[in-house]
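A closer look at the structure
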Amino acid sequence: MAFWFFCPLWILVCFLALPLAVVGLVRACVEYRASKSGRTSRPRAVVGAVLSLLGATASITYMIFLAGHPDLPVQG
């Protein structure tokens, strides 16, 4: 886990992961509404929402970590 916090690649990835996670959450909501009418499966929509929420949480957590430790990107 510590490797992910100190990996310089995450500095770039976290800024891409957050918008993609938000798009995933919107798509999961759309699929969940479609599952009510029987067009798609509900578990697929729920899994998509959970994974998108997990990605957004990881990205936000890393951004908060970087804000608290501004010298880390220079060390990486």
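Note that the structure is a prediction, hence the values are computed from the model and not measured. (Residues numbered from 1 in each chain as written. Predicted model: local features only at pLDDT ≥ 70, side-chain atom pairs only at ≥ 80, totals over all residues. Heavy atoms only, no water.)

Brief notes about the overall build of the chain
Tallying secondary structure elements over the chain gives 4 helices and 0 strands in all. Relative to its full complement of 76 residues, the chain shows a buried share of 24%. Contacts in the chain between residues at least 24 apart in sequence constitute 64% of all its contacts with a sequence separation of at least 6. Put simply, the chain shows about 5,500 Å² of open surface, and 75% of that area lies on carbon and sulfur atoms. (Helix = DSSP H or I, 4+ residues; strand = E, 2+ residues; numbered from the N terminus. Buried < 20%, exposed > 50% of the residue type's maximum accessible area, 1.4 Å probe, protein only. Contact = heavy atoms within 4.5 Å. Areas by Shrake-Rupley, 256 points an atom, 1.4 Å probe, with all protein chains shown as cover.)

Focus: a nonpolar patch on the surface
Among the surface-exposed residues, Val-22, Val-26 and Val-30 lie close enough to one another that they form a single nonpolar patch of about 260 Å² accessible area. Here Val-26 shows up in helix α2 (residues 8-36). (Patch = residues over 30% accessible without salt bridge, like charges linked within 9 Å, V, L, I, M, F, W, Y side chains within 5 Å. Salt bridge = Lys/Arg side-chain N within 4 Å of Asp/Glu carboxyl O.)

Overview of the confidence of the model for the chain
On average, the chain scores 80 in pLDDT, and the residues at 70 or more come to 79%. Put simply, helix α4 (residues 72-75) is where the chain has its lowest mean pLDDT, 56, and helix α3 (residues 42-68) is where it has its highest, 86. (pLDDT = per-residue confidence, 0-100.)

As for α3
Over its 27 residues, α3 runs 39 Å from end to end, which matches the ideal 39 Å to within 8%, given 1.5 Å per residue. For α3, the full list of buried residues reads Ala-45, Ser-52, Ala-56, Ser-59, Tyr-62 and Leu-66. (Expected span 1.5 Å × (residues − 1).)

Focus: the environment of Thr-61
By secondary structure assignment, the location of Thr-61 is in helix α3. The partly exposed category is assigned to Thr-61, whose relative accessible area is 38%. Sequence-wise, Thr-61 and Cys-14 are 47 residues apart; in three dimensions their C-alpha atoms are separated by 9.3 Å.

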